[in-house]
Amino acid sequence: MGSYLSSTTTPKTHRALELLIKLTAASLNPFDQKCRDLGLLIADRLPAVLGGDIVGTVVAVGSDIPASSGFAVGTRVVSQATGTPTSAQNGLQEYALADWPFAVGKVPDGVSDEAAATLPTAIVASLVGIFDALGIPAPWIEDGEAEAEAEAEAGFDYEGTTLIVVVGGDEEELKGLGATHVLDRFGGDEAVLGRIREVVGDELVYAFDTVNYPAGQVLALNALSGKKKGRLARLLSGKVDGDKVVGKEKGWELKDVFGSSHAHVELAKGFWERLPGWLEGGEIKTLGYVVKEGLDAEVVSGVLDAYRDGERVPKTVVRF
């Protein structure tokens, strides 16, 4: 178990564009379970430290990070680690490094360290899925006119109403995060497809599957418009049985999502720069979570085991 936890002392060096952080919180994700059990990224590089969502206080600033950046010793920050086990960035350890300016942001007053730790993996996957895989222009990259035009073309604006339709999950929580419709995911694909069609008709152009393996992605593909070319972004890759996708006159596309700030530097840089303001203004909200105390391998294993076993797992934050 100790292979993915560390209580090491301060790293001896850090590069010129990195911040050295004394960690106060880190969160766990299904990806950590897959790394542990399937060896993703770490199979040939053990021992490895898991945990890509990290929060803490800056204790040293790289020599090439300008003072005008606002990152100084004592600044509270949230960061997404690279996920590479040899990077000294991952979260289940006392100190970690963070790459400036594209993988770290300041935590504003009023947002706790634990709440901030719920953000990186979940939000960067959405960031990449929407603004890269689906091709919708990020508002900080394209001007407002281009953004509005892309939104209309994407089918978000349906009969004068902006629709964000989610299948499954807690309705109150999801609507609090911006969903306009939360649909029951039970009853089989035909029933769920019918519920989606009742809301969007035949106008859905973009979909994002964050849960299903390829066999289950057929539902989202069939929900796409039959008269317009649709696109599905997905977190889990693999071959889809195209024979089960019907009625798509203009065809459809699959786009795999790798939710890494380090793989999308320009996109991520604009996001992390603006994150504090969005948190303060309420445009971005942190997730609900439970807290586990300390770097305890048995506790972490229990959370990862629950992910493995398909249990309903609340977002779990390890507090140091």
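Our subject is the structure that appears above.
Residues numbered from 1 in each chain as written. Predicted model: local features only at pLDDT ≥ 70, side-chain atom pairs only at ≥ 80, totals over all residues. Heavy atoms only, no water.

### A look at the packing of helix α1 (residues 30-38) against helix α9 (residues 297-308)
Two numbers describe a pair of packed helices, the interaxial angle and the distance between the axes.
Inference 1: Interhelical geometry of α1 versus α9 gives an angle of 95° and a closest axis separation of 9 Å. On the basis of the axis angle, α1 is roughly perpendicular to α9. Residue-level contacts link P30, D32, Q33, R36 and D37 of α1 to S301, L304, D305, Y307 and R308 of α9. (Axes fitted to C-alpha atoms, helices over the stretch in contact; angles between N-to-C directions. Helix = DSSP H or I, 4+ residues; strand = E, 2+ residues; numbered from the N terminus. Parallel < 35°, antiparallel > 145°, perpendicular 65-115°, else oblique. Contact = heavy atoms within 4.5 Å.)

### Here's the deal with the sheet that holds strand β11 (residues 230-234)
Inference 1: Across the sheet, three strands lie side by side as β10-β11-β12; this open sheet has parallel pairing. Two strands lie at the open edges of the sheet, namely β10 (206-209) and β12 (252-256), each paired on one side alone. Taking the axes of each pair of neighbouring strands and ignoring which way they run, one obtains an average angle of 20° across the sheet.
Inference 2: Sheet topology note: the β11/β12 ladder contains five bridges and is parallel. Pairing of R231 across the sheet is with E253, part of β12. (Pairing = 2+ DSSP bridges.)

### With respect to the nonpolar core
Inference 1: Core analysis: the largest hydrophobic core is formed by 28 residues, its most contacted members being V55, V78, F271, W272, L275 and I284.
Inference 2: Elements supplying a minimum of two residues to this core: α2 (113-116), α3 (120-133) and α8 (265-281).
Inference 3: Considering each element in turn, this core owes the most residues, six residues, to α8.
Inference 4: Discounting chain neighbours no more than four positions away, the residues touching W272 are V78, S79, Q80, P101, F102, A103, V104, G105, P120, V124 and S261.
Inference 5: Ranked by size, the runner-up nonpolar core spans 18 residues in total, among them L163, V218, L219 and L232. (Core = buried A, V, L, I, M, F, W, Y, C linked by side-chain atoms within 4.5 Å. Buried < 20%, exposed > 50% of the residue type's maximum accessible area, 1.4 Å probe, protein only.)

The analysis is restricted to geometry; functional conclusions fall outside its scope.
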